[in-house]
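Below, each chain spelled out in residue letters.
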Amino acid sequence: MAFRNVGTPVWIAPNAVQSWWYGWGDDHGQEFASADMKTPGAEMVVVAESERKETSGAVTYLVTFKNNGPQWCYYNLQGGGAV
């Protein structure tokens, strides 16, 4: 299942790193996320992705981004699972 424009958009400074947790309260299997950038000319990279299996059986996903600059970037999440 693909998703985009998830979460409240935030600003990130050039060369800064931010992490996001996301999930749906169950186990969606393999998921990937990237930055849904709102700022033209921005460049964001994923530096890490992981998941945590909760005691309830749900999976919480983590993605960490870095703003490669050269400017501030306003963004939230987009992504989906492997098919």
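Provided above is the structure to which this section pertains.
Each residue is numbered by its place in its chain's sequence as written, counting from 1. Selection of residues for local features in this predicted model requires a pLDDT of at least 70, selection of side-chain atom pairs for listing and counting requires 80 or more, and totals for whole chains, interfaces and linings are taken over all residues. Hydrogens and water molecules were not included; the side-chain quantities draw on all heavy atoms of the structure.

**Structural notes on the overall build of the protein chain**
At step 1: Numbering goes from the N terminus for both helices and strands, where a helix is a DSSP run of H or I of at least four residues and a strand is a run of E of at least two. The helix and strand inventory of the protein chain stands at zero helices and six strands.
At step 2: Buried means the residue's accessible area, taken with a 1.4 Å probe over protein chains only, is under 20% of the maximum for its type, while exposed means over 50%, and partly exposed covers the values in between. Within the protein chain, the fraction of its 83 residues that count as buried is 31%.
At step 3: Residue pairs in contact within the protein chain that sit at least 24 positions apart in sequence constitute 71% of those at least 6 positions apart.
At step 4: Between the centroid of the 5 positive side chains of the protein chain and the centroid of its 8 negative side chains there is a distance of 6 Å. Residue contacts are defined here by distance: any two heavy atoms, one from each residue, within 4.5 Å place the two residues in contact. When charges are counted, Lys and Arg are positive and Asp and Glu negative, with His and the chain ends excluded. Note that the charge is assigned to NZ on lysines, CZ on arginines, CG on aspartates and CD on glutamates.

**Section: the sheet that holds strand S2 (residues 17–22)**
At step 1: When DSSP finds two or more bridges between a pair of strands, those strands are recorded as paired. With respect to topology, three strands assemble into an open sheet ordered S2-S5-S4, the strand pairing being antiparallel. Edge positions in the open sheet fall to S2 and strand S4 (44–53), since each of these has one partner strand only. Recorded for the sheet is a direction-independent mean angle of 20° between the axes of neighbouring strands.
At step 2: Pairing geometry for S4 and strand S5 (residues 59–67), over nine bridges, is antiparallel. Bridging across to S5, Glu 49 finds its partner in Val 63. Where helices are involved, their axes are fitted lines through C-alpha atoms of the stretch in contact, as for all axes, and angles between N-to-C directions lie from 0 to 180°.

**Some thoughts on the nonpolar core**
At step 1: With 15 residues, the main nonpolar core has Tyr 22, Met 44, Val 63, Phe 65, Tyr 75 and Leu 77 as its most contacted residues.
At step 2: Setting aside anything within four residues of it in sequence, one finds Met 44 in contact with Ile 12, Ala 35, Met 37, Phe 65, Lys 66, Asn 67, Cys 73 and Tyr 75. Nonpolar cores were defined as sets of buried Ala, Val, Leu, Ile, Met, Phe, Trp, Tyr and Cys residues, with membership established by side-chain atoms within 4.5 Å.

**Examining the environment of Met 44**
At step 1: Relative to the helices and strands, Met 44 resides in strand S4.
At step 2: With 27 residues separating them in the primary sequence, Met 44 and Val 17 have C-alpha atoms 9.7 Å apart.

**Things to note about unusual backbone geometry**
A negative phi angle is the norm for most residues apart from glycine, just as the trans form is the norm for most peptide bonds.
At step 1: Residues Gly 69 and Pro 70 are joined by a peptide bond in cis, for which omega reads 10°.
At step 2: Looking at the element boundaries, Pro 70 is found in the loop between S5 and strand S6 (73–81).
At step 3: One non-glycine residue, Asn 5, lies in the positive phi region at around 60°.
At step 4: Within the secondary structure layout, Asn 5 lies in strand S1 (residues 3–12).

**What to know about the side chain of Thr 60**
At step 1: Locating Thr 60 in the fold gives a position in strand S5.
At step 2: Identification of polar contacts relies on pairs of N or O atoms within 3.5 Å, with a donor-acceptor requirement for protein atoms, meaning one able to donate a hydrogen and the other able to accept it, and with residues adjacent in sequence counted only if both atoms are side-chain atoms. A polar side-chain atom of Thr 60 sits 2.6 Å from a polar atom in the side chain of Glu 54.
At step 3: Setting aside its immediate chain neighbours within four residues, Thr 60 contacts Trp 21, Tyr 22, Ser 50, Glu 51, Arg 52 and Glu 54.

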